[in-house]
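# Working through the structure, step by step
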Amino acid sequence: MEVLHYFGAAIGLGMVVIGAGFGIGKLAAAAAEGVARQPGAADKITGAVNLPLFLLEGVAILAEVFVLLVVLLK
Amino acid sequence: MFALLLQEHAQEHAAEGAAEAFDAGKTIIEHVSNSGLDHPLIHLPTIVGIDFSVTKHVFMLWLVAAIAFLVVTLTVRRYLKQDRMVPSGFMNALEALVEYIRDAIAKPNVGRKWVSTYTPLLLTFFVFIFCANIIGLIPLFDVLGLLNHFVFHAEPDSFLARVVHGGTTATANFNVTAALATITFASIIVAGSKAHGFVNHWMNLVPHGLAWPLYILLIPIEVMGMFVKPFALTMRLAANMTGGHIAILAILSFVFLFTEMFGRAIAGIGVGLAVSVPLAVGISALEIIVVLVQAYVFTLLSAVFIGMAIHVHH
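Keep in mind the model is a prediction, meaning the values are calculated, not measured.

Moving on to the overall build of chain A. Each helix and strand counted, chain A has two helices and zero strands in total. For 74 residues, the compact-globule estimate of 2.2 N^0.38 gives 11 Å, and chain A exceeds it by more than 25% at 17 Å. When its C-alpha atoms are laid out on the principal axes, chain A stretches across 55 × 15 × 10 Å. Evaluated residue by residue, chain A yields a buried proportion of 4% over its 74 residues.

Encoded structure:
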């Protein structure tokens, strides 16, 4: 039973990374496509992509903190 | 399964040989966390139930504040004294930074009218967080600790011996970032109140003119959102700073783990040369970017939240 704790935390961490990876991948793909179509708007596109990127990162980091808590506070 | 086998193996060897087994978790947590209240750097009296003793994160806070204050003030003083208005040396970098924060972060978010009101706050956030982050990356105190071990031989209870354990990132402490986020929280309310009046700021939290059942749903959500914003700021900065340090230390502790597991130093040195050191160098390089980006993110998000209170889009 002791091991299941670590098991759950590890699987949770993996799922967090998968989710965050999908999110960042979508953002980066859309931004790259936008810049390729319209290089002049690169600054505006970067600005628009930055904010959701950081919010997304915040969610992923929060999940990681909770995973760490699951391990530390068992 | 494999990990379990390795663990058993390591425990057997640890039980056989080494006098004190290497505990990676304990070492890492000791390095990352604040020093305990029973072993502070400087003992100070307890006033109104609050212990004012200086722990290592508090010491780093003071150090960072002093360095940031001195560097910025001295540079600007010297620039103001010279005859020509052309900046030279470090003043160029400082001017570029101030201009960037004002034009790229403050102006698009808080608007042209309020830009000179909130740029100083945002600049303070950026400079302080950036200095605190980057000083955490420099292993200055660890070098001092090494010197102490081989050269100085300070008493274990003296100030020097305690201070050499002090080299950590102050912003990796959740209390520090919580204090910074509280400033953001307060400035959001102040910004809204200054722009729309105190009562209107709270009315602006929810959109006007909806059917009344929606408000039962919306008001709790918006009030929760008010607290989630600074909470997310707190967690993001502290967790990013802690995470990088933990990753580097965990990878470097492979050296000692493998030495213990196989019972000879050559195994640890081999793993260190092949895996640990290259990976740790890579992560350290990544950390330099993270340090810059996190200071930028905190500043940007503060500006965005203040701007949201000023320009209500409902």
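Here we take up the overall build of chain B. Of the regular secondary structure elements, chain B holds 12 helices and two strands. Reading chain B from its N end, one meets helices and strands in the order α-α-β-β-α-α-α-α-α-α-α-α-α-α. Counting all 314 residues of chain B, 28% fall into the buried class.

Here we take up the interface of chain A and chain B. Contacts between chain A and chain B engage eight residues on the former and eight residues on the latter. Its residues assigned to classes, the side of chain A that touches chain B comprises five nonpolar, one polar and two charged.

Take the nonpolar core next. Residues and elements named next belong to chain B. In this structure, L122, F125, F126, I129, F298 and I306 are the most contacted members of the largest nonpolar core, which totals 47 residues. Counting only elements with at least two residues in this core, the list comes to α3 (56-81), α4 (90-110), α5 (115-137), α8 (174-196), α10 (212-252) and α12 (265-310). With 12 residues, α5 is the largest single contributor of residues to this core. The residues touching F125, leaving out its near neighbours within four places in the chain, are L180, F298, T299 and S302.

Relative to the assigned elements, B:L279 resides in helix α12. The spatial distance from the C-alpha of B:L279 to the C-alpha of B:L252 is 8.7 Å, given a sequence separation of 27 residues.

On to the confidence of the model for chain B, then. Residues and elements named next belong to chain B. Per-chain confidence: chain B averages 81 in pLDDT, with 85% of residues scoring 70 or above. Considering only residues more than four positions removed or in separate chains, one finds that residues 1-19, a stretch of pLDDT under 50, has 11 contacts. With a pTM of 0.82, the predicted complex shows an ipTM of 0.74.

Residues and elements named next belong to chain B. Locating E287 in the fold gives a position in helix α12. For E287, a count of 21 C-beta atoms within 10 Å translates into the label buried. The sequence separation of E287 and H245 amounts to 42 residues, and the corresponding C-alpha distance is 8.7 Å. Ignoring sequence-local partners within four residues, the contact set of E287 consists of L137 and G244.

About the cut-offs
Residues numbered from 1 in each chain as written. Chains lettered and ligands numbered in written order. Predicted model: local features only at pLDDT ≥ 70, side-chain atom pairs only at ≥ 80, totals over all residues. Helix = DSSP H or I, 4+ residues; strand = E, 2+ residues; numbered from the N terminus. Rg over C-alpha atoms; globule rule 2.2 N^0.38 Å. Buried ≥ 20, exposed ≤ 12 C-beta atoms within 10 Å, placed from the backbone. Contact = placed C-beta atoms within 7 Å. Nonpolar A, V, L, I, M, F, W, Y, C, P; charged D, E, K, R; others polar. Core = buried A, V, L, I, M, F, W, Y, C linked by C-beta atoms within 7 Å. pLDDT = per-residue confidence, 0-100.

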